[in-house]
Amino acid sequence: PQELTIRARQSHGSDLPSLEEVMPNIFRELLSVRSQLETHYKDMQDIEFTIQQGKLYMLQTRNGKRTAPAALQIAVDMAKEGLITKSQALLSLKPDLIDQLLHPTLDPKAKKEIIAKGLPASPGAAGGKVVFSADEAVRRCKDGEKVILVRIETSPDDIHGLHAAEGVLTTRGGMTSHAAVVARGMGRPCVAGAGGITVDYAAAKLSVGSVTVTEGQILTIDGSTGEVMVGEVPTVPPQLSGSFGIIMQWADEVRDMKVRANAETPADARQAKEFGAEGIGLVRTEHMFFEGQRIVAMRQMILATDEADRRQALDKLLVMQREDITELFRIMDGNPVTVRLLDPPLHEFIPHTEAEMALVAKAAGVPLDRVRRRAAELQEANPMLGHRGCRLAITYPEICEMQARAIFEAAAEVGRSSKKLPVAEVMVPLVATVEELKLLKGVIEKTADAVKKEQGITFTYKIGTMIELPRAALQAGRLAEMAEFFSFGTNDLTQTTYGLSRDDAGSFLPEYKAKGIVEHDPFVSLDPDGVGELITMAVQRGRSTRPEMKMGICGEHGGDPASIEVCEKIGLDYVSCSPFRVPVARLAAAQSALKTKGEQTKQSSTKATKPRVQNFGPW
């Protein structure tokens, strides 16, 4: 086909004359019509026309299909031309388009052999050799190989493998399973809950129907669609243009809510800050204990037979934890850092197979029988509602003391050398009663006073709590007498409000959605009627006690645009999400603020729209 313009003909090296050269009058008329259509619809148009006997006939028009980078560029260009306002430019974009700019995507022209489909749990595409254990992922990664970690489901023990892998595939779990949450935090692609796949660890293979993939063979996963493909499918690297920065700047000018990140490693914190995070809303301290000598010291603490032995192991952990938190304070450079005290049940740090327990016993220097006995003691029928969160700190206050000391010694160290003083926020998890918070606040304050005296330096800090139980939401007015901030842990608050396990609900929630019982997975998009009402109640009751109290959310909902809109309506001060969701949250927070102020939304799509057939009138 011939080009429309001289410039297009020259850029494509065509010898055929363009419309601009052959029919200059018709070309100018076409430009005028195109301008009129764009002005009327306030969007880039895909127009169809024909020319017959020297006359231009318009056939149809529709909003033009565009890639994610083009969507941002078009929005910026139209705003700069005065065709739309900055607010309209922001509202025209779907926040999830930003994901496509931050992660590799599959080459749309590439052939692919799809063998299974799961949940699109973390965006991006990746290919690599299949491995079935975290240790194998690390080994092959050190040899320079790219790997895809395949597990039935992941646990905190797999964290080193998740770091090493290009992406992760699980056959169980939902959008907020361990694999999904950790992968999103790392910016790794993840396909979760691919139930059609059978994994055989012993034989080191996976099967889907007649297809078998053994360890070392190549798989490609697309975390944006949930597709699993045999072989290597080419990917397109992410591209950030100047229009991305302009859109982010415009978003920051209009949004009311702050955007923080969930991060506990220096790499995650730096990435979050680069993406515009205004602090850390959740440091999951337990994630700091799973690698190298840290897990050995942690297990020594768990296996200790008395407080003296526990404190000896905690002294080792103190050094490690203090170093990590010091680095986070430095990176955040005066922005708030909310550190959650140890939350998961202790059994998550102890393996359960005989071979693994033998290795633990050897590393910790204790008899194997003690490891077996302790593992049996830590077993619970329902660990999610068991001995975890603040209940651990109440049973073992020395754990709380160690973590508080690590936070305050880090604050003192950074405070001496930095121009901006660190903003330390100590968060007590899973509180249900005022008495729990009162007891632990006493431990934390006593530790702070001791550190100030020892270090000869003062620092500021806040003590708050996570609201993740319905009782805590109901008692928010009383909790606010003790807490200086609230952070809503919406993952657990959704579980305890619905009575659903987020790891098990994936097996039947699709049926609920198909039958119209729920519109969205409540672990993906915040339930505004049930969970949202509890949050609203807690905000009102908390601020009736402490009017200027800062409140936000730190669950996975913090990066979901629909959930962010609920948070804006409730009146929260910030959302906190995975580092790679920070730009999405910034745009979504801006859109929510604009909608609250009455701006109308009209979002463009990267998918083709149905043609409009209109009577445009005379040209």
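Anyway, here's the lowdown on the structure attached to this text. (Residues numbered from 1 in each chain as written. Predicted model: local features only at pLDDT ≥ 70, side-chain atom pairs only at ≥ 80, totals over all residues. Heavy atoms only, no water.)

Formed by 156 residues in total, the largest nonpolar core has its most connected members in Ile247, Phe408, Phe486, Phe488 and Leu572. Ranked by residue count, the leading element in this core is helix H17 (residues 397–417), at 11 residues. With near-sequence residues (within four places) excluded, Phe408 lies in contact with Val426, Ile444, Thr447, Ala448, Val451, Phe459 and Tyr461. Among the nonpolar cores identified, the runner-up in size contains 18 residues, and Ala126, Phe132, Ile197 and Val213 belong to it. (Core = buried A, V, L, I, M, F, W, Y, C linked by side-chain atoms within 4.5 Å. Buried < 20%, exposed > 50% of the residue type's maximum accessible area, 1.4 Å probe, protein only. Helix = DSSP H or I, 4+ residues; strand = E, 2+ residues; numbered from the N terminus. Contact = heavy atoms within 4.5 Å.)

Here helix H18 (residues 434–455) contains 22 residues, and its C-alpha end-to-end distance of 31 Å stays within 8% of the 32 Å for a straight helix at 1.5 Å per residue. Within H18, the full set of buried residues consists of Val434, Glu436, Leu437, Leu440, Lys441, Val443, Ile444, Thr447, Ala448 and Val451. On the buried face of H18, the contacting elements are helix H16 (390–395), H17, strand E19 (423–428), strand E20 (461–467) and helix H20 (476–479). In the segment just after H18, Gly456 is the residue with positive phi, at about 65 degrees. (Expected span 1.5 Å × (residues − 1).)

Attention now moves to the packing of aromatic side chains. Applying the stated criterion across every chain, the model contains 7 aromatic pairs. With 5.3 Å between their ring centres and 65 degrees between their planes, Phe275 and Phe580 make a pair best called edge-to-face. Of this pair, Phe275 sits in the loop between helix H11 (266–274) and strand E17 (280–284) while Phe580 is found in the loop between strand E23 (574–577) and helix H25 (582–596), placing the two residues 305 residues apart along the sequence. In terms of burial, Phe275 and Phe580 fall into one category: buried. Considering the side-chain rings of Phe290 and Phe349, the 4.8 Å spacing of their centres and the 10 degrees angle between planes classify their relative orientation as stacked. (Phe/Tyr/Trp six-rings, centres within 6.5 Å; stacked < 30°, edge-to-face > 60°.)

On the surface, Phe508, Tyr512 and Ile517 cluster together to form a nonpolar patch covering roughly 280 Å² of accessible area. Along the chain, the position of Phe508 falls in the loop between helix H21 (490–498) and helix H22 (509–514). (Patch = residues over 30% accessible without salt bridge, like charges linked within 9 Å, V, L, I, M, F, W, Y side chains within 5 Å. Areas by Shrake-Rupley, 256 points an atom, 1.4 Å probe, with all protein chains shown as cover. Salt bridge = Lys/Arg side-chain N within 4 Å of Asp/Glu carboxyl O.)

Bridge count for strand E21 (residues 485–488) against strand E22 (residues 550–553) is 4 bridges, and the pairing is parallel. When the sheet's bridge partners are listed, Phe488 is paired in E22 with Ile553. As paired elements, E22 and E23 share 2 bridges and run parallel to each other. Residue pairing in the sheet places Ile553 in a bridge with Val575 of E23. With helix H24 (residues 561–570) bridging E22 and the parallel E23, this β-α-β connection has right-handed handedness. (Pairing = 2+ DSSP bridges. Right-handed = clockwise from strand over helix to strand, strands pointing away.)

This part takes up helix H4 (residues 68–81). In an α-helix there are 3.6 residues to a turn, and that puts residues three or four apart on one side. When the terminal C-alpha atoms of H4 are compared, their 20 Å separation across 14 residues agrees well with the 20 Å that a helix rising 1.5 Å per residue should span. Taken as a whole, H4 has its buried residues at Ala68, Ala71, Leu72, Ile74, Ala75, Val76, Met78 and Ala79. Buried residues belonging to H4 abut helix H5 (86–91), helix H6 (97–102) and helix H10 (242–254). Phi turns positive one or two residues past the end of H4, at Gly82, with a value near 85 degrees.

Let us now look at the sheet that holds strand E10 (residues 198–200). Strand order in this open sheet of 3 strands is E10-E11-E12, and the pairing throughout is antiparallel. The sheet is open, and its two edges are formed by E10 and strand E12 (211–214), each paired on a single side. Here the average twist between neighbouring strands, direction ignored, is 20 degrees. Bridge analysis of E10 against strand E11 (residues 205–208) gives 3 bridges, and the strand direction is antiparallel. (Axes fitted to C-alpha atoms, helices over the stretch in contact; angles between N-to-C directions.)

Unusually for a residue other than glycine, Lys42 sits at a positive phi of about 55 degrees. Summarising the element assignment, Lys42 is placed in the loop between helix H3 (24–41) and strand E1 (45–52).

Bringing the environment of Gln88 into the picture now. Of note, Gln88 is situated in helix H5. With 511 residues separating them in the primary sequence, Gln88 and Glu599 have C-alpha atoms 7.9 Å apart. Within polar-contact distance, the side chain of Gln88 engages the backbone nitrogen of Thr85 at 2.9 Å. (Polar contact = N/O pair within 3.5 Å; in protein donor to acceptor, adjacent residues only side chain to side chain.)

For the rest of this paragraph, the subject is the packing of H24 against H25. The contact between H24 and H25 brings their axes to 9 Å, and the two run at 45 degrees. Our classification of the angle between H24 and H25 gives oblique. When the axes of H24 and H25 are compared, the crossing they make is right-handed. For the pair H24 and H25, contact is made by Pro561, Ile564, Glu565 and Glu568 and by Val584, Ala585, Ala588, Ala589, Ser592, Ala593, Lys595 and Thr596, respectively. (Parallel < 35°, antiparallel > 145°, perpendicular 65-115°, else oblique. Left-handed = near helix turned anticlockwise from the far one by under 90°.)

All right, on to the pairing of E21 then. Residues Phe485 and Ser487 of E21 are buried on one face, and the alternating residues Phe486 and Phe488, pointing to the opposite face, are buried as well. Relative to E21, E20 is paired through 3 bridges, and the arrangement is parallel. What sits directly across from Ile467, in E21, is Phe488.

What follows deals with the pattern of salt bridges. In the structure shown here, the tally under the stated rule is 44 salt bridges. Close ionic contact of Glu556 with Arg184 constitutes a salt bridge, the shortest N to O distance being 2.7 Å. A residue pair is termed long-range when its members are at least 10 positions apart, and Glu556 in the loop between E22 and H24 and Arg184 in helix H9 (residues 178–186) qualify at 372 residues. Among the ionic pairs, Glu354 bridges to Arg372, the shortest N-O distance being 2.5 Å. Of this pair, Glu354 sits in helix H14 (residues 354–364) while Arg372 sits in helix H15 (residues 368–378), and the two are 18 residues apart along the sequence. When its relative accessible area of 40% is taken as the criterion, Glu354 is described as partly exposed. Exposure remark for Arg372: the relative accessible area of 33% places this residue in the partly exposed category. Via salt bridges that share partners, Lys129, Glu136, Arg139, Arg140, Asp143 and Glu145 belong to a single interconnected network.

These figures come from the coordinates and say nothing about function on their own.
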